[in-house]
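So the chains spell out like this:
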Amino acid sequence: MAELTADGAEGADDAKAEGARQKVHIRTFGCQMNELDSGKMLRLLEGRGYESTDEPESADVILINTCSVREKPEQKVRSLLGRFKPLKDTNQDLILGLCGCYAQQEGGGLLRRFPFVDLVMGPDAIPRLPGLVMDVQEGRSRQLATEQLDRQDYPFTNDLVFRDDHKVTAFVTIQKGCDSFCSFCIVPTTRGREVSRPASEVVEEVRRLAGEGVAEVTLLGQNVNSYGLKRSGEPPFDELIGLVAEVDGIQRIRFTTSNPWDLRPGLVDRFRTEPKLCSYFHLPVQSGSDSMLARMRRRHTRAEYLDLVQALREARPDIALSTDILVGFPGETEEEHSETLTLLSEVGYDFIYSFNYSPRPHTPASRNQPDNIPKEVKQRRLREVQDLQATITRERMLAWEGKTAEVLVEGPSRKDPTWLSGRIGQNWIVNFPGSPRQVGETIAVRIERVLSNTFQGAVATRDTEGAGSALRVLN
Ligand code: SAH
Ligand code: F3S
């Protein structure tokens with residue numbers, strides 16, 4: 001990223017003098033949902049003649065799409081604003097906006113704390129972004145847009161924004177919000193009530209994406225397993241997958257994220273019957289201890305979770321599993337912690353995401369359960385979780401050596417443009433020598449080397465395909 005220089009500022013003025021398009025710079029934190037939201041914000045502004053820039057110093061609009069689920073969002077926001085404020089001092093017309101979950105959580109407080117910020121908006125206000133920017137530009141004061149649209153006719157149609165970035169993979173929103181209210185989680189507050197997007201809209205968007213060359217879609221929701229259940233006339237999630245699979249050109253389907261307790265047998269069956277469904281499941285568990293799960297308001301037990309894992313593996317023996325682990329939740333005893341460790345060994349996840357608990361405002365835990373696990377204890381437990389998982393992950397990865405798997409080529413490798421990069425169904429990234437013409441193709445690749453978190457391979461030939469590959473993995 002270019003540093004701020006006087007030249008950069010002058011360059012921006014020159015560009016404007018020539019009547020160049022206005023520029024927007026977007027910084028994104030957080031989950032895939034935020035990434036997708038940032039993409040939508042960009043498309044909406046592109047529709048008004050803006051173009052994207054990686055250089056904040058040449059931007060007319062800077063948007064920070066914030067996340068508040070963990071860690072210290074205020075610090076991140078402060079540090080970025082500290083960087084962008086001098087730009088505002090030299091360019092009075094620069095519009096600075098805070099968007100996303102932290103903006104939703106703090107609302108007008110951010111406008112008070114940061115008097116140079118022009119716009120604070122939550123996720124539900126995204127469709128209004130061009131109008132809000134215009135309002136600021138036309139001098140109609142600073143804008144606050146944090147009202148939530150908690151209604152069944154939530155305007156998902158705004159997701160139907162034309163994409164032209166030639167990507168092979170795409171995210172598709174199928175649901176907004178979450179009604180689960182796990183006691184540690186701020187998402188139901190920041191993203192509001194759960195609403196499922198009508199299946200017809202989802203399929204229409206997938207069709208358009210396929211028409212633009214997208215071969216793999218990831219269906220996104222906070223709890224996809226409850227998709228359609230609260231909206232009469234809509235199919236349940238597993239049937240939605242069936243509808244998406246019928247779209248010509250779609251070769252692979254992924255989804256995230258799932259609540260274990262809403263996982264229906266129909267979805268397990270899809271892994272048996274639907275070859276387009278990738279052999280990968282992210283199934284957040286948080287803890288391996290029943291008492292912990294109850295305190296977290298997760299509505300399942302360890303045994304029920306293990307039953308689901310077994311059912312998924314029976315339905316799709318080569319399925320890769322990942323999870324989220326939350327360490328140091330209030331009251332966590334050594335014994336409860338050790339149950340999480342034994343769960344990791346028992347399941348044998350391919351990889352995990354693990355976090356130290358931090359209280360989030362407006363959550364049941366922050367009100368009722370004091371954050372009483374000392375920081376050093378949390379750190380040590382997190383290290384134990386991560387060290388154990390590193391060993392398991394390594395074993396799981398090494399098991400791929402010599403096997404052949406189908407790779408959907410997503411683009412040239414970042415490090416070497418004469419190599420290609422793509423993923424196997426199990427979500428591992430594979431890099432291998434190839435030509436840019438092969439982007440978008442699904443190629444059988446023999447996995448030859450296991451690096452720290454990716455594989456290196458070579459296009460499989462008749463000879464290598466047979467050799468050493470007991471298993472020819474589809475998707
Ligand atoms: N269903 C959502 C969950 C969002 S939160 C999804 O799409 O993934 C993602 C993960 O962040 C959770 O699974 C949990 O492990 C972690 N997390 C949530 N609240 C947290 C908190 N207060 N402190 C630390 N980690 C948290
Ligand atoms: Fe959060 Fe639990 Fe929903 S983790 S997003 S409240 S399923």
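This report concerns the structure included in the present document.

Conventions we followed
Residues numbered from 1 in each chain as written. Chains lettered and ligands numbered in written order. Predicted model: local features only at pLDDT ≥ 70, side-chain atom pairs only at ≥ 80, totals over all residues. Heavy atoms only, no water. Near = heavy atom within 4 Å. Nonpolar A, V, L, I, M, F, W, Y, C, P; charged D, E, K, R; others polar. Salt bridge = Lys/Arg side-chain N within 4 Å of Asp/Glu carboxyl O. Helix = DSSP H or I, 4+ residues; strand = E, 2+ residues; numbered from the N terminus. Expected span 1.5 Å × (residues − 1). Buried < 20%, exposed > 50% of the residue type's maximum accessible area, 1.4 Å probe, protein only. Bend = angle between axes of the 7 residues up to and from the residue. Contact = heavy atoms within 4.5 Å.

Glancing now at the site of ligand 2. Around ligand 2, the surrounding shell consists of Cys 178, Ser 180, Phe 181, Cys 182, Phe 184, Cys 185, Val 187, Pro 188, Gln 222, Asn 259 and Arg 298. Residues belonging to the shell around ligand 2 are distributed by class as follows: seven nonpolar, three polar and one charged.

Our focus in this paragraph is the pattern of salt bridges. The full count for this structure, using the stated rule, is 30 salt bridges. The partner of Glu 194 in a salt bridge is Lys 230, and the shortest N-O contact between them spans 3.3 Å. Of this pair, Glu 194 sits in the loop between helix H7 (187-190) and strand E9 (195-196) while Lys 230 sits in the loop between strand E10 (216-220) and helix H9 (237-245), and the two are 36 residues apart along the sequence. As a salt-bridge pair, Arg 302 and Glu 346 come within 2.9 Å of each other at their nearest N and O atoms. With Arg 302 in helix H12 (residues 302-315) and Glu 346 in helix H13 (residues 334-347), the pair connects residues that are 44 residues apart, well separated along the chain.

Under the 1.5 Å per step criterion, the end-to-end length of helix H2 (residues 32-46) is 21 Å for 15 residues, consistent within 8% with the ideal 21 Å. Of all 15 residues in H2, eleven are buried, a share of seventy percent or more. For H2, the complete set of buried residues consists of Met 33, Asn 34, Leu 36, Asp 37, Ser 38, Lys 40, Met 41, Leu 42, Arg 43, Leu 44 and Leu 45.

This paragraph deals with helix H3 (residues 73-90). Its 18 residues place the ends of H3 26 Å apart at the C-alpha level, agreeing with the 26 Å of an ideal helix rising 1.5 Å per residue. Along H3, the helix axis deviates most sharply at Gly 82, where the bend reaches about 30 degrees; the proline Pro 86 sits within four residues downstream. Of the positions making up H3, those classed as buried are Pro 73, Val 77, Leu 80, Leu 81, Phe 84, Leu 87 and Lys 88. Of the surrounding elements, those touching the buried residues of H3 are strand E1 (23-28), strand E3 (61-66), strand E4 (95-99) and helix H4 (100-106).

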